[in-house]
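Secondary and tertiary structure notes
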Amino acid sequence: MRAPVAITILALALGLSACEPTGNNVSGTADYDSLKRAQEDCASRGGQLVLKNGGDAQYIQDYACKGK
């Protein structure tokens, strides 16, 4: 009985390890990494990343690069 439980736990652990973040934010959420990348990209063009009027701070598409 212990062998099937051990195999199940091992399979779950291997499956969860495959969920490591890849850097691709497919959900469009404004998480730390996506905001940091967007801010760095905007700053390199001489701008500042700001939330659009009426935008939702949870979504990266609601931010804009304003400036030069």
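Here, the structure is the one placed above.
Residues numbered from 1 in each chain as written. Predicted model: local features only at pLDDT ≥ 70, side-chain atom pairs only at ≥ 80, totals over all residues. Heavy atoms only, no water.

This part is about the state of the cysteines. Inspection of every chain in the model, using the stated rule, returns one disulfide. Covalent S-S linkage joins Cys42 and Cys65, the inter-sulfur distance amounting to 2.0 Å. The chirality of the disulfide connecting Cys42 with Cys65 is right-handed, given an S-S dihedral of about 90°. Highlighted residues: Cys42 in helix α2 (residues 32–44) and Cys65 in strand β2 (residues 63–67), separated in sequence by 23 residues. (Disulfide = S-S within 2.5 Å. Helix = DSSP H or I, 4+ residues; strand = E, 2+ residues; numbered from the N terminus.)

A full pass over the atoms with the stated rule returns one salt bridge. Linking Asp41 and Arg45 is a salt bridge whose minimum nitrogen-to-oxygen distance equals 3.1 Å. In this structure Asp41 comes out as partly exposed when scored by relative accessible area, which is 41%. (Salt bridge = Lys/Arg side-chain N within 4 Å of Asp/Glu carboxyl O. Buried < 20%, exposed > 50% of the residue type's maximum accessible area, 1.4 Å probe, protein only.)

Turning our eyes to something else, we now look at α2. With 13 residues, α2 should cover 18 Å at 1.5 Å per step; its first-to-last C-alpha distance of 18 Å lies within 8% of that length. The first or second residue beyond α2 is Gly46, which carries a positive phi of 85°. (Expected span 1.5 Å × (residues − 1).)

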